[in-house]
2 protein chains.
Amino acid sequence: MSTKNALLEVTARLFAEYGWRGTTTRRIAEAAGVNEVTLFRHFGSKAVLLAEAIHCQAEADSPPPLPAVPTDLRSELTGWATNHHRRMREHRSMIRTCLAEFEEHPEIAPVAAGPAMESMADVVRYLTAARERGMIAETGSLEAATVMLMNALFMDAITRDVLPGCPVSDHDAIDLFVDLILRALGAAEAT
Amino acid sequence: MSTKNALLEVTARLFAEYGWRGTTTRRIAEAAGVNEVTLFRHFGSKAVLLAEAIHCQAEADSPPPLPAVPTDLRSELTGWATNHHRRMREHRSMIRTCLAEFEEHPEIAPVAAGPAMESMADVVRYLTAARERGMIAETGSLEAATVMLMNALFMDAITRDVLPGCPVSDHDAIDLFVDLILRALGAAEAT
DNA sequence: GCGGCATGCAAGCAGGTACTTGCAATTGTG
DNA sequence: CACAATTGCAAGTACCTGCTTGCATGCCGC
């Protein structure tokens, strides 16, 4: 089974870097140290191999959870955001490629977007629980706050290496984003 | 000069949809209603044509300005954000492709990122002026607020068609994002 | 030892890729 | 009218693309 796994792993890596068209069967075989025919004997076609490789990559990536009961909003959200940000950062190449490839290969969108949707729902749940406990103000859309925070983290993780002129440093960004969200939601704490 | 312009326009469109590798000289020529050799006679190579096409596209896209003197934060920011969002939405295909292509063709990054950086500086300037006039609170990072708002708008414009499960509707997103930023910055107004 | 099974190797197929060459037709300009 | 620039057309180059075929080699369980 090692050959198959090696092919899947190498294919995911090449796809992230070169996209669908740029990931040729010759390149895959060479990078995996395997003859090209072996690839076709295992998967039948390039399309099947690529789909399977992307699927595996996304599956191995379950989103980090937030506590069931909120206690310290700032530290819990910051910890979650740091974790989430790091994971997206690690996969930024794959994510960018999937975003661009969506137009020609829409079938890869749901599998790539799944984890993000789960995380989104988890954050909304967490903030709702916090509001029920009076830890944040009564007004302000929790859904919008969640989307805004996740969008900001997502963008930062994915484009920081492309747009080097960002006026917020890599190191501070997450803390500042969480701080702004807590301010926006009127979190009852001192800073 | 019409042939040259037609080629540039068609090339930008095809690049946004199919990426660098997918934009073949045959396809460009066919879509422009021009013989393939004409393309090479004008630009010499595919690389030159693509670079020029992307450059033109980005150049024609100057960012919308904010007022020099802030008067109504909410309406001015909402107007600006709506405009900015619409423009990014129109170019989402091109932006996604450029993001993915950055790895193989880093030379297209600065030209594509330029307008966004200008907008970013403009918003920071606007918010700084507002703070000087006492329209928002003294604390909270204006740079972080700007990055967060722009990241949120950017992501929404670029991925809404890819991630259909967003819990915030298309129509409300901009108002809600601006509302959260104003809350975070302690804007002195009633809502 | 022997029959499957995975793999390698060499070659090839039909089509696509960027790009070139040579020549004819058109068009606008002096 | 004559000349030059622009374009089209047909063909061709060398290479890459996904994919197939035929045959040889090693390995592992019976």
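Residues numbered from 1 in each chain as written. Chains lettered and ligands numbered in written order. Predicted model: local features only at pLDDT ≥ 70, side-chain atom pairs only at ≥ 80, totals over all residues. Heavy atoms only, no water.

*Asks:* What is the right way to look at the interface of chain A and chain B in this model?
*Replies:* It is common to report an interface's size as the accessible area lost on association of the parts. Residue-level contacts link 46 residues of chain A with 47 residues of chain B. When chain A packs against chain B, close to 4200 Å² is buried across both sides, 74% of that on carbon and sulfur atoms. At the junction of chain A with chain B, the criterion picks out 2 salt bridges. Across the pair R96 of chain B and E103 of chain A runs a salt bridge, and its minimum N-O distance is 3.0 Å. Our enumeration of links across chain A and chain B arrives at 9 residue pairs in polar contact (both at pLDDT 80 or more). The element best represented in the side of chain A that touches chain B is helix α8 (residues 142-159) of chain A, accounting for 12 residues. Of the residues contributing to the side of chain A that touches chain B, the split by class is 27 nonpolar, 9 polar and 10 charged. (Contact = heavy atoms within 4.5 Å. Buried area = accessible area lost by both parts, 1.4 Å probe. Salt bridge = Lys/Arg side-chain N within 4 Å of Asp/Glu carboxyl O. Polar contact = N/O pair within 3.5 Å; in protein donor to acceptor, adjacent residues only side chain to side chain. Helix = DSSP H or I, 4+ residues; strand = E, 2+ residues; numbered from the N terminus. Nonpolar A, V, L, I, M, F, W, Y, C, P; charged D, E, K, R; others polar.)

*Asks:* What's the story with the protein's contact with DNA strand C in this structure? I'm lost.
*Replies:* Around DNA strand C sit 17 residues in total, of which T3, T38, R41 and H42 of chain A together with R26 of chain B are the nearest. Sugar and phosphate atoms form 49% of the subset of DNA strand C atoms that lie within 4 Å of the protein. Separating a phosphate oxygen of DNA strand C from a side-chain N or O atom of T38 of chain A is a distance of 2.5 Å. Between DNA strand C and T25 of chain B, the relevant distance is 2.8 Å, taken from a phosphate oxygen to a side-chain nitrogen or oxygen of the residue. If you list the elements that add at least two residues to the surface near DNA strand C, you get α3 (36-43) of chain A together with α2 (25-32) and α3 (36-43) of chain B. Top element by residues in the surface near DNA strand C is α3 of chain A. It accounts for 4 residues. The residue makeup of the surface near DNA strand C, split by class, is 4 nonpolar, 9 polar and 4 charged. (Near = heavy atom within 4 Å.)

*Asks:* How should the packing of helix α1 (residues 2-22) of chain B against helix α6 (residues 92-101) of chain B be read in this particular structure?
*Replies:* Two measures define how a pair of helices packs: the angle their axes make with one another and the distance between the axes. Residues and elements named next belong to chain B. The N-to-C vectors of α1 and α6 enclose an angle of 50°; their axes lie 8 Å apart at closest approach. Classed by the angle they form, the pair α1 and α6 counts as oblique. Note that α1 runs across α6; the crossing there is left-handed. Touching A12, F15, A16, G19 and W20 of α1 are S93, M94, T97, C98 and E101, all from α6. (Axes fitted to C-alpha atoms, helices over the stretch in contact; angles between N-to-C directions. Parallel < 35°, antiparallel > 145°, perpendicular 65-115°, else oblique. Left-handed = near helix turned anticlockwise from the far one by under 90°.)

*Asks:* What am I meant to see in the packing of aromatic side chains here?
*Replies:* With the rule as written, the count across this model stands at 1 aromatic pair over all chains. Arranged with centres 6.5 Å apart and planes meeting at 85°, the rings of F15 of chain A and W20 of chain A form a pair that is edge-to-face. On the basis of relative accessibility, which here comes to 0%, the residue F15 of chain A falls in the buried class. Taking NZ or CZ as reference, K4 of chain B lies 5.6 Å from the ring centre of F43 of chain B, over its face. Lying across the ring of Y18 of chain B, R27 of chain B places its NZ or CZ 4.0 Å from the centre. (Phe/Tyr/Trp six-rings, centres within 6.5 Å; stacked < 30°, edge-to-face > 60°. Buried < 20%, exposed > 50% of the residue type's maximum accessible area, 1.4 Å probe, protein only. Lys NZ or Arg CZ within 6 Å of the ring centre and 35° of its normal.)

*Asks:* Please explain the packing of helix α8 (residues 142-159) of chain B against helix α9 (residues 170-184) of chain B as it appears in this structure.
*Replies:* Residues and elements named next belong to chain B. The interhelical angle for the contact between α8 and α9, taken along N-to-C directions, is 165°, at an axis separation of 10 Å. Looking at the two axes, α8 sits roughly antiparallel to α9. For the pair α8 and α9, the sense of crossing is right-handed. Touching A145, L149, A152, L153 and D156 of α8 are A173, I174, F177, V178 and I181, all from α9. A class-by-class count of the residues in the contact of α8 with α9 yields 9 nonpolar, no polar and 1 charged.

*Asks:* Any chance you could explain the relation of the copies chain A and chain B here in plain terms?
*Replies:* One copy of the chain maps onto the second through a rotation around an axis plus a translation along that axis. For these two chains of identical sequence, chain A goes onto chain B by a turn of 180° and a shift of 0.0 Å along the axis, with RMSD 0.1 Å. When the rotation and shift are considered jointly, the pair of chain copies conforms to a two-fold rotation axis. Within chain A, A184 of chain A has its C-alpha nearest the rotation axis, a separation of 1.9 Å. A high fraction, 100%, of the interface residues of chain A reappear at the interface in chain B, so the copies pair face to face through one surface. (Least-squares fit on C-alpha atoms with pLDDT ≥ 70 in both.)

*Asks:* Whenever I open this one, the environment of A6 of chain B confuses me. Can you help?
*Replies:* Inspection of the secondary structure assignment puts A6 of chain B in helix α1. Each C-alpha atom of the pair A6 of chain B and E76 of chain B lies 37 Å from the other, and the pair is 70 residues apart in sequence.

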